[in-house]
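The chain contents come next:
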Amino acid sequence: DSKMKYLKAFESEDFGLVTTKYPLIKDVYKVELKYNFKLPYIFSQNAINDVYSENIVNEDKLIIEYLMLTVFNIRMILEGKFNTQYLVEFPMSLFSKRKKLAQALRIINDQSILDKIKIKIKYRDFIMHRNEIYELMKNGYKFAVIIDDSFIISKEHIKKLSMFNYVIISKKLKYFDEFMENADGLENLIIDE
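Here the residue numbers are simple positions, counted from 1 along each chain's written sequence. Confidence filtering applies because this is a predicted model: local features only for residues at pLDDT of at least 70, side-chain atom pairs given and counted only at 80 or more, and all residues used for totals across whole chains, interfaces and linings. Side-chain metrics in this entry use all non-hydrogen atoms of the structure; hydrogen atoms and water are not considered.

**Q** So what's going on with the overall build of the protein? Residues and values would help.
**A** A count of helices and strands for the protein gives nine helices and seven strands. Using a 1.4 Å probe on the protein chains alone, a residue whose accessible area is under 20% of its type maximum counts as buried, one over 50% counts as exposed, and one in between counts as partly exposed. Counting all 193 residues of the protein, 41% fall into the buried class. Residues count as neighbours in contact if any of their non-hydrogen atoms are within 4.5 Å of one another. The contacts in the protein between residues at least 6 apart in sequence include a share of 60% that link residues at least 24 apart. In this description, accessible areas are obtained by the Shrake-Rupley approach with a 1.4 Å probe, and a residue is regarded as covered only by the protein chains that are shown. Taken as a whole, the protein presents about 11700 Å² of accessible surface, with 53% of it coming from carbon and sulfur. Each helix corresponds to a stretch of at least 4 residues labelled H or I by DSSP, and each strand to a stretch of at least 2 residues labelled E; elements are numbered beginning at the N terminus.

This is the structure we're talking about:
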């Protein structure tokens, strides 16, 4: 009872997690934080969505998302559900804000949570922040890479992708077919619509 009462204290009427299963791969979900509160009508929905996705707000909502997802995962563990994986967003602007970065990562820095949460990054962001991401990997954080147009297709480059827990590629990417022809043996590939 005390565990459930404690976990219930983290519930919010203002925010909620939306999980969407990735097709063709078992027990892997993308996570999105949705808000449930009304904003003044003077703002258009597009303006609200833009602000909601901007750096500072995006960083702050990430902390809420990580906290809610951690509590959700604790509930799943208590129910004996261990296999589900969750892929979460990560704004690259956090790398220039060490204190906020440490705050966000501290929320998910528990072995049982780190095994379930994978941080999504675009390939171009990985190239730009390679050293920081390698350091996070050494500290137990796990990553899913999103293949974008900056990726150079070769057997050698594709083989290096095995360091990521998941590789996500969109069918809409202009060289999707060429990538797939060279991706044989690449495990944990997620094909996104």
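After presenting the structure, the write-up continues.
**Q** Account for the layout of surface pockets, with residues named and values stated.
**A** Here a cavity denotes a set of grid points, spaced 1 Å apart and computed over the protein atoms alone, in which a 1.4 Å probe fits but from which it cannot get out, and a pocket denotes an open set meeting protein on both sides within 12 Å along at least five of seven lines; residues with an atom within 4 Å of a point are reported as lining. Grid points are joined across faces, edges and corners, and a volume is the space filled by probe spheres set on the points. Estimates place the volume of the largest pocket at around 450 Å³. If you trace the largest pocket, you find 21 residues lining it, with Val31, Asn58, Glu89, Phe90 and Lys120 closest to the centre. Elements that contribute at least two residues to the lining of the largest pocket include exactly strand 1 (15-21), strand 2 (28-35), helix 2 (45-53), helix 3 (55-78) and strand 4 (117-122). If you trace the second largest pocket, you find 15 residues lining it, with Ile158, Lys159, Ser162, Gly185 and Leu186 closest to the centre. Among the elements that make up the lining of the second largest pocket, the one with the highest residue count is helix 8 (residues 155-160) (three residues).

**Q** Outline the nonpolar core, supporting the account with residue identities and numerical values.
**A** A general trend in soluble globular proteins is that nonpolar side chains are found buried together. Ranked by internal contacts, the top residues of the largest apolar core, which has 43 residues, are Phe90, Ile108, Ile119, Ile147, Phe151, Leu161 and Phe179. Take this core: its biggest share by element is five residues, from helix 3. If near-sequence neighbours (up to four positions away) are discounted, Ile108 is found in contact with Tyr66, Thr70, Ile113, Leu114, Ile117, Ile119 and Tyr141. Residues grouped as a nonpolar core are buried Ala, Val, Leu, Ile, Met, Phe, Trp, Tyr and Cys residues, joined through side-chain atoms within 4.5 Å. By size, the runner-up hydrophobic cluster in this structure holds eight residues, among which are Tyr22, Tyr166, Ile168 and Ile190.

**Q** Please set out the sheet that holds strand 4 residue by residue, giving values where relevant.
**A** Reading across the sheet, the seven strands line up as 1-2-3-4-5-6-7 and stay open at both edges, with mixed pairing between neighbours. The open sheet has two edge strands, strand 1 and strand 7 (189-192), and neither has a second partner. For this sheet, the mean inter-axis angle between neighbouring strands, taken without regard to orientation, is 30°. One bridge is not enough; two strands pair if DSSP finds at least two bridges between them. Of the pairings in the sheet, the one linking strand 3 (residues 85-88) to strand 4 comprises three bridges and is parallel in character. Its bridge partner lying in strand 4, Tyr86 is registered against Ile117. Under this scheme, a helix contributes an axis fitted over its contacting stretch, all axes are lines through C-alpha atoms, and angles between N-to-C directions fall in the 0 to 180 degree range.

**Q** Residues and numbers for the pattern of salt bridges, please.
**A** Any Lys or Arg side-chain nitrogen found within 4 Å of a carboxyl oxygen on Asp or Glu counts as a salt bridge. Tallied over the entire structure, the rule returns 13 salt bridges. One salt bridge connects Glu89 with Lys120, and the closest N-O pair in it is separated by 2.9 Å. Remark: Lys120 occurs in strand 4 and Glu89 occurs in the loop between strand 3 and helix 4 (98-107); sequence separation between them is 31 residues. Overall, Lys120 belongs to the buried group, its relative accessible area being 9%. Across the pair Arg124 and Asp148 runs a salt bridge whose closest N-O atoms are separated by 3.3 Å. Taken together, the positions of Arg124 in helix 6 (residues 123-128) and Asp148 in the loop between strand 5 (142-146) and helix 8 put the pair 24 residues apart, joining distant regions of the chain. Overall, the relative accessible area of 34% leaves Arg124 in the partly exposed class. What makes Asp148 buried here is its relative accessible area of 7%. When salt bridges that share partners are traced, they join Glu59, Asp60, Lys97 and Lys100 into one network.

**Q** Mind laying out the packing of aromatic side chains, listing which residues take part and the relevant values?
**A** Two aromatic rings, drawn from Phe, Tyr or Trp (for Trp, its six-membered ring), form a pair once their centres lie within 6.5 Å of each other, and the interplanar angle then sorts them: stacked below 30 degrees, edge-to-face above 60, tilted otherwise. For the structure shown, the criterion picks out eight aromatic pairs. Pairing Phe126 with Phe164 gives two aromatic rings, centres 5.1 Å apart and planes at 85°, and the pair type is edge-to-face. Remark: Phe164 occurs in the loop between helix 8 and strand 6 (166-170) and Phe126 occurs in helix 6; sequence separation between them is 38 residues. The pair formed by Phe126 and Phe164 is uniform in burial state, with each residue classed as buried. An aromatic cluster is defined as three or more aromatic residues linked by ring pairs; in this entry it consists of Tyr123, Phe126, Tyr134, Phe151, Phe164 and Phe179.

**Q** Tell me about the confidence of the model for the protein, and name the residues and values.
**A** A score between 0 and 100, pLDDT records how confident the predictor is in each residue. Taken residue by residue, the protein gives an average pLDDT of 86. The fraction at 70 or more is 85%. Put simply, helix 2 is where the protein has its lowest mean pLDDT, 53, and strand 5 is where it has its highest, 97.

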